[in-house]
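Examination of the molecular architecture
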Amino acid sequence: MNKCFAFAFAAFLQLGVCFAAPADDLFDQGQQAMAAKDIVKAMEAFSKALEADPAHARAAYERGRLLLVIGEAQNAVADFTTAIVSDPAFGRALVGRAQAKLLMKEGQGAIADFDQAIAVAPRDFEVHVARAAFRLKIGNLAGAKADLENAKAVADAATALKIGEMLGKLK
């Protein structure tokens, strides 16, 4: 009886891999299209990946980024929210949603998303840099410097050097 259960469970796991693979393959196609700067194919691939797996955080994030670039902020917010719900520690998705909210003139919501991005991904230098850019835009020089210092502290050596150069220009 245990052997039958083990066989059935193994078969179930294999089926799960088969179901997940199409979305991942489509996501990879989207990434390749992005690398080739074929935005239309990338959008199609990410959309198909989300049809195959509506909770595919990376596909939702990447499609949200594309939507943000073409000015479809409301749809970008929806995709970034999908990514965040699927992966609550996805700081860059929170940054994307904050940037979309800024386009929609929802400043308080954007600030909350930037702060949450830092809270869930404190070791991702890009979330610190994104909030620093926002703080510079609103005239909060001290906050921007603090964010850049934090970004520098968690970045790799080459990136930390570039962040240091940015900090030097702010002083």
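Each residue is numbered by its place in its chain's sequence as written, counting from 1. For this predicted model, a pLDDT threshold of at least 70 governs which residues receive local features, and a threshold of 80 or more governs which side-chain atom pairs are given and counted, while totals over whole chains, interfaces and linings are taken from all residues. Heavy atoms throughout the structure, all of them, feed into the side-chain values; hydrogens and water do not.

Observations concerning the overall build of the chain
Labels follow the DSSP assignment, with helices taken as runs of H or I lasting at least four residues and strands as runs of E lasting at least two, numbered in each case from the N terminus. Scanning the chain from N- to C-terminus turns up nine helices and zero strands. Start at the N end of the chain and walk to the C end: the helices and strands fall as α-α-α-α-α-α-α-α-α. Type-normalised accessible area, obtained with a 1.4 Å probe on protein chains alone, sets the label of each residue: buried when under 20%, exposed when over 50%, and partly exposed for intermediate values. The buried share of the chain, taken over its 171 residues, is 39%. In this analysis, two residues are considered to be in contact whenever any of their non-hydrogen atoms come within 4.5 Å of each other. By sequence separation, contacts in the chain at least 24 residues apart represent 40% of the contacts at least 6 residues apart. Here the open area of atoms and residues is found with the Shrake-Rupley method and a 1.4 Å probe, where only the protein chains shown may cover a residue. Of the accessible surface of the chain, which amounts to about 10000 Å², a share of 61% is contributed by carbon and sulfur atoms.

Concerning the packing of aromatic side chains
Geometry of aromatic contacts follows a simple scheme: Phe, Tyr and Trp rings, the Trp one being its six-membered ring, pair when their centres are within 6.5 Å, and the pair is stacked under 30 degrees between planes, edge-to-face over 60, tilted otherwise. Enumeration over the complete set of coordinates arrives at four aromatic pairs. Ring centres of Phe114 and Phe134 lie 5.1 Å apart, and the angle between their planes is 25 degrees; this geometry places the pair in the stacked category. You can see Phe114 sitting in helix 6 (residues 107-120) and its partner Phe134 sitting in helix 7 (residues 125-137), a full 20 residues away along the chain. Phe134 shares its class with Phe114; the two are buried. Among the aromatic residues, those joined into a cluster by ring pairs are Tyr61, Phe80 and Phe90.

A word on the confidence of the model for the chain
With 88% of its residues at a pLDDT of at least 70, the chain reaches an overall mean of 90. Per-residue pLDDT stays below 50 along residues 4-20; that stretch engages in zero contacts with residues further than four places along the chain or on separate chains. Every residue carries a pLDDT, the predictor's confidence in it, which falls somewhere between 0 and 100.

Re the pattern of salt bridges
We define a salt bridge as a side-chain nitrogen of Lys or Arg found within 4 Å of a carboxyl oxygen belonging to Asp or Glu. All told, the structure shown has ten salt bridges when counted by the stated rule. Between Glu126 and Arg92 there is a salt bridge, with the nearest N and O atoms lying 3.4 Å from each other. Of the two residues, Glu126 is situated in helix 7 and Arg92 in helix 5 (residues 91-103); the sequence distance between them amounts to 34 residues. Residue Glu126 is classed as partly exposed on the basis of its relative accessible area of 37%. Owing to a relative accessible area of 29%, Arg92 belongs among the partly exposed residues under this scheme. For Arg131, the salt bridge goes to Asp147, with nearest N and O atoms at 2.7 Å. Separated by 16 residues along the polypeptide, Arg131 in helix 7 and Asp147 in helix 8 (residues 141-154) bring together distant segments of the chain. With respect to burial, Arg131 and Asp147 carry one shared label: buried. Members of the salt-bridge network, linked through shared partners, are Asp115, Arg131, Arg135 and Asp147.

Remarks on the environment of Thr82
Take Thr82: it is sitting in helix 4 (residues 73-86). Under the relative-accessibility criterion, Thr82 is labelled partly exposed at 25%. Linking Thr82 and Ala57, residues 25 residues apart in sequence, is a C-alpha distance of 6.7 Å. In contact with Thr82, other than residues within four places in its own chain, are Pro54 and Ala60.

Notes on helix 7
The end-to-end C-alpha distance of helix 7, which contains 13 residues, comes to 19 Å, matching closely the 18 Å that a straight helix rising 1.5 Å per residue would cover. On its buried face, helix 7 is in contact with helix 5, helix 6 and helix 8. Two or three places before Glu126, at the opening of helix 7, Asp124 has a side-chain oxygen 3.0 Å from that residue's backbone nitrogen. Note on helix 7: the residue one or two positions beyond its end, Gly139, has a positive phi of about 85 degrees. In a helix, the anticipated span is given by 1.5 Å times the number of residues less one. Under the rule applied, a polar contact is a pair of N or O atoms within 3.5 Å (in protein, one hydrogen donor and one hydrogen acceptor; residues adjacent in sequence only if both atoms are side-chain atoms).

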